[in-house]
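Notes for the structure review
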Amino acid sequence: MTLTRPPAHVKPLDRAFALEAVRVTEAAAIAAYAQIGRGNEHDADRAAVEAMRLAFNALPIQGTVVIGEGERDEAPMLFIGEKVGQGGLSVDIALDPLEGTTLTAKAMANALAVMAMAEPGTMLNAPDTYMDKIAIGPGFEEGLIDLDAEPGDNINALAKAKNCRADEITALVMDRPRHEALIAKIRKSGAKVKLITDGDVAGVIETTDPATNVDIYLGTGGAPEGVLAAAALRCVGGQMQGRLVFRNDDERARAAKWGVKDLTRKYGLYDLVAGDVVFSATGVTDGAMLRGVHRVGEFITTESVVMRSATGTVRWIRTRHCRGA
Ligand code: VTB
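1. Some details on the domain arrangement of the protein
Interface size is often expressed as the accessible area that is lost when the parts come together. You can read the domains of the protein as domain 1 (16–122 + 277–322) and domain 2 (130–272). For domain 1 and domain 2, the distance between their C-alpha centroids amounts to 23 Å. Taken together, the contact pairs 26 residues of domain 1 with 22 residues of domain 2. Between domain 1 and domain 2, roughly 2000 Å² of surface is buried when both sides are summed, and carbon and sulfur atoms account for 70% of that area. There are 3 salt bridges connecting domain 1 and domain 2. Between the two partners, domain 1 and domain 2, sit 4 residue pairs in polar contact (both at pLDDT 80 or more). Of the residues assigned to the side of domain 1 that touches domain 2, the class counts are 16 nonpolar, 5 polar and 5 charged.

2. Remarks on the nonpolar core
One recurring pattern in soluble globular proteins is that nonpolar side chains are buried together. Core analysis: the largest hydrophobic core is formed by 47 residues, its most contacted members being Met240, Leu272, Val273 and Phe279. Per element, the largest residue contribution to this core is 9 residues, and it comes from helix α7 (residues 223–236). Lining this core are residues from two domains, each supplying at least three of them: domain 1 (16–122 + 277–322) and domain 2 (130–272). In this structure, Leu272 is in contact with Thr122, Met123, Leu124, Met131, Gly226, Val227, Ala230, Met240 and Tyr267, ignoring residues within four places of it in sequence. If you look at the next biggest cluster of nonpolar residues, it comprises 35 residues, including Ala32, Leu78, Leu95 and Met117.

3. Some details on the site of the ligand
All residues adjacent to the ligand are Glu99, Tyr130, Met174, Arg176, Arg178, Asp198, Gly199, Asp200, Gly221, Gly222 and Glu225. The separation between an oxygen atom of the ligand and a polar side-chain atom of Glu99 is 2.8 Å. Note that an oxygen atom of the ligand is positioned 2.8 Å from one of the backbone N or O atoms of Gly222. Contact with the protein chains hides 75% of the accessible area of the ligand, taken as 420 Å² for the molecule alone. Counting atoms within 2 Å of the grid points, the majority share of the ligand lands in the largest pocket.

The rules we used
- Residues numbered from 1 in each chain as written.
- Predicted model: local features only at pLDDT ≥ 70, side-chain atom pairs only at ≥ 80, totals over all residues.
- Heavy atoms only, no water.
- Domains from an automatic or database assignment.
- Contact = heavy atoms within 4.5 Å.
- Buried area = accessible area lost by both parts, 1.4 Å probe.
- Salt bridge = Lys/Arg side-chain N within 4 Å of Asp/Glu carboxyl O.
- Polar contact = N/O pair within 3.5 Å; in protein donor to acceptor, adjacent residues only side chain to side chain.
- Nonpolar A, V, L, I, M, F, W, Y, C, P; charged D, E, K, R; others polar.
- Core = buried A, V, L, I, M, F, W, Y, C linked by side-chain atoms within 4.5 Å.
- Buried < 20%, exposed > 50% of the residue type's maximum accessible area, 1.4 Å probe, protein only.
- Helix = DSSP H or I, 4+ residues; strand = E, 2+ residues; numbered from the N terminus.
- Near = heavy atom within 4 Å.
- Areas by Shrake-Rupley, 256 points an atom, 1.4 Å probe, with all protein chains shown as cover.
- 1 Å grid on protein atoms, 1.4 Å probe; cavity = no way out; pocket = protein on both sides within 12 Å on 5 of 7 lines; lining within 4 Å.
- Sits in = over half its atoms within 2 Å of the grid points.

Structure follows, in structure tokens:
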């Protein structure tokens, strides 16, 4: 059984945090802006990480990073288990200061700074492995899609529910050799395939926004990114399932270390993020969902989206920052 509803009553996170949250992703995005197009993924990531960490440490929270830059021995900052914040409300944090380091280094579309804050103990402690994922936007009968069904069957079910033909459905897939068979099956069903080179947090979220024309996300991407995307879907609605994919025993051991007992488990949306959650994303480069960071005369502008699961509120926030402030 995959969980598709809240497991129990959950106390909403303080609503003030929704607006505090945006400062964290804005700071990371602005720091990454200086690195757009410089061909240096490492520097781009580091700038975003440092800025995000500083911003977190200014918040009145007692935060624990549960999805972060890596394990303590491999990531100096925002590692899994790191405590951030000035003290206050206890939250678990999933973050990716720069989702799309390559996109940023190459000045390509859709790089984001993202984070989610949830009630402690309610987000899957996803190991840094792959996750097989399927997602659609809100408004459909629960159980319409299934990770274990054939891609063509999922597409036909979705087309029927949307009252359209399969050839009017667009599936978003990461452009990887591992997806060759998947892409062939999707095309055989008649559906269109939109390929992205990176950034499947944004890719999953695109399914929830009619303006993007993306109807369904399919394929294997990062497991931590899967939890971040699930946090967003918990707020805007939609359906998602995931299953960890392991390439070797080392990855299996990592999963066990983070408390994953059943390595073959199919996770539903509420298995990925069970509790009340706040999600924030700020565009780094211009994308389908968010405009990136721009310099406009003396100012820096950012565009962000902040969502709360407790109310389903989605705020689009355009901010003008005074340079050097
Ligand atoms: C995935 C995807 C991310 O990196 O983690 C990918 O979810 C890594 O997968 O959005 P590959 O090994 O196939 O590159 C991103 O694209 C960017 O972090």
